[in-house]
Amino acid sequence: MKTTYRAVQVTRPGFLELVERKTPVPGSGEVLIEVEACGICGADAADIERADPALQPPRVPGHEVVGRIAALGANTPSIWKVGQRVGMGRLGGYCNECSQCRQGHFQLCQNQPIVGASCDGGYAEMMLARATGLVSIPDELSSEEAAPILCAGIATFNALKKCGAQAGDVVVILGIGGLGHMAVQYARRMGFKVVAVGRGSDIVEDALALGAHLYIDTHQENAVARLQGMGGAQAIVTTISHADTVSSLMGGLAPQGRLVLLGAGKDPLPVSAGHLVVGERSVLGSITGSPYENERTLDFSVLAGVRPMIEVMPLEQADEAYRRMKSGDVKFRMVLSMGSARARQPNSRHG
């Protein structure tokens, strides 16, 4: 094993720097992962732009991490082996002691590190990880394909499982981007009538190709009226955080329909209490999920042929890749590769 490794750290807020670090030794209950790929998520922006400048060493961002176990710390469960391919999402491993863990709600653990924010993430060749947060990666997925599924995939897959819709029901996906393009694929394969809602006509062909039965351009037509004409949506899964946009679509919910929130914005969400009460409608928040749920998402992706559309760039171009993600000039996820052949093709796209 190498004594040092390359990492991209947030040297100061908004500034990424490629550095060399000493290879760490995993502690009790930890593993050392030799990273093969790491997705770039919209949530990385908060970690990078609002990083603590006093933190030493500076934080390494990234929470869609896939690699192989390079070393095991003491007291690591026997299911994990050196050389095994594993992943790590946003949630960095539950404590197994708090009240939420004792109830089996591991995704709600009160003592869980947030990968890339409160602990170092995967913009690096090596990463320490709690064993309780590890996810087994299926052989059928490349590391670059699997990486976005550990965040964008599980977030949308779990939201759809919670949405209350049944096969044949109308389900709306609001926002066709990094999350939405995964949600459309999962919703179609779950048997829903999928309505993609977005702004502008530039995304219509992609939305339909990904599996949407219908695309509604809010610049061209009244989305609520269109949904009401269809009898209403049994569920609206929103991947955007703009509160007014989300609120304006709620009139398209059918009675007993659910609005499932994935976009975590800071602004209050305007909701008509009468609209909720009279139609027994509801609003639900959905977080990513536990390692077990992440493995279910990966398995379903293999079974149903769901794959993220990705563009791969090498680790040393992390800053450029991050800026492209922020600009929206990517369809639909950026992934950093730590040394594969594809990493030498910065604009490689896989669907």
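See above for the structure.
Only a predicted model underlies this, so the values are computations on that prediction, with no experimental measurement involved.

Engineer: Is there a simple way to think about the side chain of R307 in this case?
Structural biologist: Among the structural elements, R307 can be located in the loop between helix 9 (291–304) and strand 14 (310–314). A polar side-chain atom of R307 sits 2.9 Å from the main-chain carbonyl oxygen of S301.

Engineer: Hey, could you run me through the nonpolar core in this one?
Structural biologist: Note that soluble globular proteins tend to have their nonpolar side chains buried in a common cluster. L160, I173, V184, Y186, F192 and L298 are the most contacted members of the largest nonpolar core, which totals 41 residues. Of all the secondary structure elements, the ones that give two or more residues to this core are helix 3 (143–162), strand 8 (170–174), helix 4 (180–189), strand 9 (193–198), helix 5 (204–210), strand 11 (233–238) and helix 9. Per-element accounting of this core gives the leading share, 9 residues, to helix 3. Aside from chain neighbours lying at most four places away, what touches I173 is L160, G180, A183, V184, V194, V195, A196, V197 and V237.

Engineer: Sorry if this is basic, but what is going on with unusual backbone geometry here?
Structural biologist: Phi is mostly negative for residues that are not glycine, and the peptide bonds are mostly trans. Note the cis peptide between Q56 and P57, where omega equals -5°. Looking along the chain, the bond that leaves K331 and enters F332 is cis, with omega of -5°. A positive phi angle, close to 65°, is found at Q256, a residue other than glycine. Locating Q256 in the fold gives a position in strand 12 (residues 253–261). Its identity is not glycine, yet E280 carries a phi of approximately 50°, on the positive side. Its place among the elements puts E280 in the loop between helix 8 (273–279) and strand 13 (282–285).

Engineer: What should I look at first to understand helix 3 in this one?
Structural biologist: In an α-helix, one turn spans 3.6 residues, which is why side chains three or four residues apart end up on the same side. In this model helix 3 runs 28 Å from its N-terminal to its C-terminal C-alpha over 20 residues, within 8% of the 28 Å that 1.5 Å per residue would give. At L150, helix 3 shows its maximal bend, which comes to roughly 50°. Burial runs high along helix 3: 18 of the 20 residues are buried. Residue G164 follows helix 3 closely and has a positive phi angle near 85°.

The rules we used
Residues numbered from 1 in each chain as written. Predicted model: local features only at pLDDT ≥ 70, side-chain atom pairs only at ≥ 80, totals over all residues. Heavy atoms only, no water. Helix = DSSP H or I, 4+ residues; strand = E, 2+ residues; numbered from the N terminus. Polar contact = N/O pair within 3.5 Å; in protein donor to acceptor, adjacent residues only side chain to side chain. Core = buried A, V, L, I, M, F, W, Y, C linked by side-chain atoms within 4.5 Å. Buried < 20%, exposed > 50% of the residue type's maximum accessible area, 1.4 Å probe, protein only. Contact = heavy atoms within 4.5 Å. Expected span 1.5 Å × (residues − 1). Bend = angle between axes of the 7 residues up to and from the residue.

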